[in-house]
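# Results of the structural survey
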Number of protein chains: 2
Amino acid sequence: MFTQEELLNCINGAIDTIAYPQSPFGLYEPIKYTLHGGGKRIRPVLTLAACTALGGNLDTSLNQALGIEMFHNFTLLHDDVMDNADVRRGRPTVHKKWNESTAILSGDTMLTMATQLVCKCSDLKLCHVIKLFNQTAIEVYEGQQYDMDFESRNDVAIEEYIEMIRLKTSVLLGCACKMGALMAGANDEICQSFYNYGVKLGLAFQLQDDYLDTYGDPKVFGKNIGGDILNDKKTWLLISALKEDETGELAKFIGNKNVEPQEKIHSVRAIYDKLNLAQRCHDLIDQYAQLAIAELENVDIPDESKDFFVNLALKSCRREN
Amino acid sequence: MFTQEELLNCINGAIDTIAYPQSPFGLYEPIKYTLHGGGKRIRPVLTLAACTALGGNLDTSLNQALGIEMFHNFTLLHDDVMDNADVRRGRPTVHKKWNESTAILSGDTMLTMATQLVCKCSDLKLCHVIKLFNQTAIEVYEGQQYDMDFESRNDVAIEEYIEMIRLKTSVLLGCACKMGALMAGANDEICQSFYNYGVKLGLAFQLQDDYLDTYGDPKVFGKNIGGDILNDKKTWLLISALKEDETGELAKFIGNKNVEPQEKIHSVRAIYDKLNLAQRCHDLIDQYAQLAIAELENVDIPDESKDFFVNLALKSCRREN
């Protein structure tokens, strides 16, 4: 079994060798900028890991891994336009560096390029591969729509939030795992187990992301802490607190532009602390990681492969960036 | 052979029966609004016509026809955001009726839904179908990028313009024709002839569109005349005139916001008239229509099918809306 670092190097090497057409320069330059901007590459690593764990080699699913990473970066590009975000991974976003039209059109191109990459497989596998990819894409858009819908709602239930992050984030990790299994030629049951592993891992992953936005170390996390609180973002923390805060204190901060930012972050976090939400959030993350691990328990793969996926799940809950 | 009206009715009937998920409402409602907003449906009609001319029946390529129409409407939706257009087919554009985020995300969803529709075919045909569709999509984006690039250039050559409209408009008509042929099980040579027919038809079609924007009857054309002139849009007319106008008069109007709109339209059209551009543009349109017709001359399809494609090409040059 390859290490995570080896798989990451394989992905980054492959990304570096993607050949873009020379023109129109204004279309392909922002794509290169986006895809080559770094990131954890967790999704393509999962694809390669699943595939090699099941007997495939690195090349077997490399195009699919790249396609999924391309898709993920396309969603970030368009999400940044929708959120009017200025910075991504420490650099100006595409719509800031170029303009909005460029961001929209380059994003569209990335989606089709992603589909092209994913489709680079045998005729026999193509129908399974494209079906999984398209279905996942639709779910990701639905998740993004729910996320935007939640902005104007103060009555979002925990279950709705979990379903939203399942769609927006988790199914793509599930897809990444299942794609590797599909390309290795695994049967339906094994494919489904890998899909379920990815989805549960994705839930742990996203909840940890939300946790770090409030409780992370800004130096390690790589972005400012408290953004979610300032934007009244309906995360597990806020939704839980809104439900449980009997003092009515929290509600006063929602939509309130008159509070000084640092004071708002400090006060809201104090309410979270009174409700012990940091600990409880982490318990939930651990639960999802354990559920992910359980999905692969009965799958017939080498022990060292199983260890890889167990460690990845455990690391995801402990990561600080 | 079915009449164009029968094929159109078949398409519109199928569009009416597309089942959208109930939620998230905010994602699917704008898609319905866009796709059900009418239009000529020329692309899906071409798919059905090619398929039935080659022995397929209406159902054989209906999903592919719908997918191509869905794709076309996705490009219009995103183009309207990029152009900041307020009105499409007499109704507010999606980003005006809802907002920009909705337009971007619903458009993304339409692209994936289009891919799903196109992929509804036998495993045997899938690899050809998806390859054609993806390649066409990439070319359409490239065409849109060139179109935007041309806005800030005054040295666009006629050949560059023809290549731009080939990419932005014509290849999708070529794809529509070839898709029908592919689904009917035609061989490579026949598929290529239908593709070439569609591309040439598309060039005639787009040049006629440009012509009507300057010389059409506003009551019949359905939108205001002279928009291209007011926006200094690099059409065949303007590019030809810029090259040939030795008085330097035309150049004074380009980028000039101080001229009253009706006067600008009147004056620029007067320059076009002096150069006999209306007639010459129409000669070029006729030439492309004849080139389209010639592509199908040696293809073995029933005479009445051939007549259908001949008449469609001739009508495209004479259409007034």
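First, a word on scope: everything that follows refers to the structure included in this document. Because the structure is predicted, anything quoted here is derived from the model rather than measured. Every chain is numbered on its own, with residues counted from 1 as its sequence reads. Labels follow written order: the first chain is A, the first ligand is 1, and so on. With pLDDT at 70 or above as the cut-off, local features in this predicted model cover only qualifying residues; side-chain atom pairs require 80 or more to be listed or tallied, and sums for whole chains, interfaces and linings still use all residues.

## Focus: the overall build of chain A
Numbering goes from the N terminus for both helices and strands, where a helix is a DSSP run of H or I of at least four residues and a strand is a run of E of at least two. A tally of helices and strands in chain A yields 16 helices and 2 strands. By its C-alpha atoms, chain A is 60 × 50 × 30 Å across when sized along the principal axes. Exposed residues have 12 or fewer other C-beta atoms within 10 Å of their own C-beta, buried residues have 20 or more, and residues in between are partly exposed; the C-beta atoms are placed from the backbone. Of all 321 residues assigned to chain A, the portion counted as buried reaches 49%. Contact between two residues is assigned whenever their backbone-derived C-beta positions fall within 7 Å. Once local pairs closer than 6 in sequence are excluded, the contacts in chain A between residues at least 24 apart make up 72%.

## Considering the relation of the copies chain A and chain B
Under the fitted operation, chain A is carried onto chain B by 0.0 Å of movement along the axis and a turn of 180°, and the coordinates agree to an RMSD of 0.0 Å. Here the transformation between the copies is reduced to the relation of a two-fold axis. For the least-squares superposition of copies, only C-alpha atoms count, and only for residues with pLDDT at least 70 in both.

## Re the nonpolar core
Definition of nonpolar core: a set of buried Ala, Val, Leu, Ile, Met, Phe, Trp, Tyr and Cys residues joined via C-beta atoms within 7 Å. The biggest cluster of nonpolar side chains holds 195 residues, and the ones touching the most others in it are A:Ala181, A:Ala204, B:Ala181 and B:Ala204. Aside from chain neighbours lying at most four places away, what touches B:Ala204 is B:Ile285, B:Tyr288, B:Ala289, B:Ala292, B:Ala313, B:Ser316 and B:Cys317.

## Things to note about helix α12 (residues 236–244) of chain A
Every buried residue of α12(A) is accounted for by A:Trp236, A:Leu237, A:Leu238, A:Ile239 and A:Ala241. Contact partners of the buried residues in α12(A): α8 (158–183), α9 (188–215), α13 (249–253), α14 (261–274) and α15 (277–295) of chain A.

## Section: the interface of chain A and chain B
Taken residue by residue, the interface counts 30 residues in chain A and 30 residues in chain B. Broken down by secondary-structure element, the contributors of at least two residues to the side of chain A that touches chain B are α2 (25–35), α4 (62–83), α6 (100–118) and α7 (123–151) of chain A. Taken together, the residues of the side of chain A that touches chain B break down into 16 nonpolar, 10 polar and 4 charged. Residues are grouped as follows: nonpolar covers Ala, Val, Leu, Ile, Met, Phe, Trp, Tyr, Cys and Pro; charged covers Asp, Glu, Lys and Arg; every other residue, Gly included, is treated as polar.

## Points about unusual backbone geometry
What you tend to see is this: most non-glycine residues have negative phi, and most peptide bonds are trans. A cis amide bond links A:Ser23 to the next residue, A:Pro24, at an omega of 0°. Mapped onto the elements, A:Pro24 comes out in the loop between α1 (4–16) and α2. The phi angle at B:Asn84 is positive, at roughly 50°, despite the residue not being glycine. One can find B:Asn84 in the loop between α4 (62–82) and β1 (87–88). By C-beta crowding, B:Asn84 is classed as exposed, having 12 other C-beta atoms within 10 Å.

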